[in-house]
Amino acid sequence: MFVLHHTPDTAATPVRILLEELALPYTARRVDREGGELASPGYRALHPLGKIPVLETPEGPLVETAAILLWLADTHAPGRFAPAPGAGDRGAFLKWLFLATSNLHPPVMEIYYPDRVAGPAASEALVPLAAARAKTVLDALEAGATAAPALFPANRPSLLGLYIGTLMRWLGQLPDGHP
């Protein structure tokens, strides 16, 4: 059985959805962020940076949303949620998954938590810059989806859809006045 360390509406969300889609047995263990659990030695033994999510597996703990998603899909349903290893479109899929991970997720987090990156004095200036970077990446993803719709299927769950959909949900929850 798997243990998913999570809090609601975080980067653990697409992992939880995939676990459900795969009908894998798991326990959802809510992390006490406010209580400082992310900095605790026990949690840091699971994730050295003290972030969410962590998926405990029989092979050991996995961290980073995209890595967990990819491992679950490849291990439990090759070809169903992403092109299988060795498939002709695997490289194109990986390009878009890691583009989202490396280039969309960070500015979305900067929009939500500008103080973490820029500190209180500069956080107001960071938000529009992060929003512009996020828009650039979203435009690239839109172009990618138009050019390769099989990698971004609208009629079934996919790793790209789960991951990017979560980020889009966060952007959709921004209060008025945010970019």
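Attention here is on the structure that accompanies the text.

Criteria and thresholds
Residues numbered from 1 in each chain as written. Predicted model: local features only at pLDDT ≥ 70, side-chain atom pairs only at ≥ 80, totals over all residues. Heavy atoms only, no water. Core = buried A, V, L, I, M, F, W, Y, C linked by side-chain atoms within 4.5 Å. Buried < 20%, exposed > 50% of the residue type's maximum accessible area, 1.4 Å probe, protein only. Helix = DSSP H or I, 4+ residues; strand = E, 2+ residues; numbered from the N terminus. Contact = heavy atoms within 4.5 Å. 1 Å grid on protein atoms, 1.4 Å probe; cavity = no way out; pocket = protein on both sides within 12 Å on 5 of 7 lines; lining within 4 Å. Points joined across faces, edges and corners; volume = space filled by probe spheres on them. Pairing = 2+ DSSP bridges. Axes fitted to C-alpha atoms, helices over the stretch in contact; angles between N-to-C directions. Salt bridge = Lys/Arg side-chain N within 4 Å of Asp/Glu carboxyl O.

### Things to note about the nonpolar core
Okay, so step 1: Of all hydrophobic cores here, the largest spans 50 residues; its most connected members are Phe2, Leu18, Leu19, Leu72, Phe93, Leu159 and Leu160.
Okay, so step 2: At the level of secondary structure, the elements contributing two or more residues to this core comprise strand E1 (2–6), helix H1 (13–21), helix H2 (41–46), strand E3 (54–57), helix H3 (65–76), helix H4 (90–112), helix H5 (114–147) and helix H6 (159–172).
Okay, so step 3: Residue contributions to this core peak at 8 residues, all from H6.
Okay, so step 4: Beyond its immediate chain neighbours, meaning those up to four positions away, Leu72 contacts Phe2, Val15, Leu18, Leu19, Leu22, Leu24, Leu55 and Ala77.

### Digging into empty space enclosed by the protein
Okay, so step 1: Applying the stated criterion across every chain yields a total of 1 cavity of 30 Å³ or more.
Okay, so step 2: Space inside the largest cavity adds up to approximately 40 Å³.
Okay, so step 3: Lining the largest cavity, in full, are Ala11, Pro14, Thr65, His105, Tyr163, Thr166, Leu167 and Trp170.
Okay, so step 4: Considering each element in turn, the lining of the largest cavity owes the most residues, 4 residues, to H6.

### Brief notes about the sheet that holds E1
Whenever strands of a sheet pair, they do so through backbone hydrogen bonds, lying parallel or antiparallel.
Okay, so step 1: Across the sheet, 4 strands lie side by side as E2-E1-E3-E4; this open sheet has mixed pairing. Edge positions in the sheet fall to strand E2 (26–30) and strand E4 (60–63), since each of these pairs with one other strand and no more. Strand-to-strand, the axes of this sheet are offset by a mean angle of 20 degrees, without reference to chain direction.
Okay, so step 2: Relative to E2, E1 runs parallel, the two being bridged by 5 bridges. Of the residues in E2, the one forming a bridge with His5 is Arg29.

### A short note on the pattern of salt bridges
Okay, so step 1: Considering all chains together, one arrives at 6 salt bridges under this definition.
Okay, so step 2: Across the salt bridge formed by Arg90 and Asp74, the nearest N and O atoms sit 2.6 Å from each other. Of the two residues, Arg90 is situated in helix H4 and Asp74 in helix H3; the sequence distance between them amounts to 16 residues.

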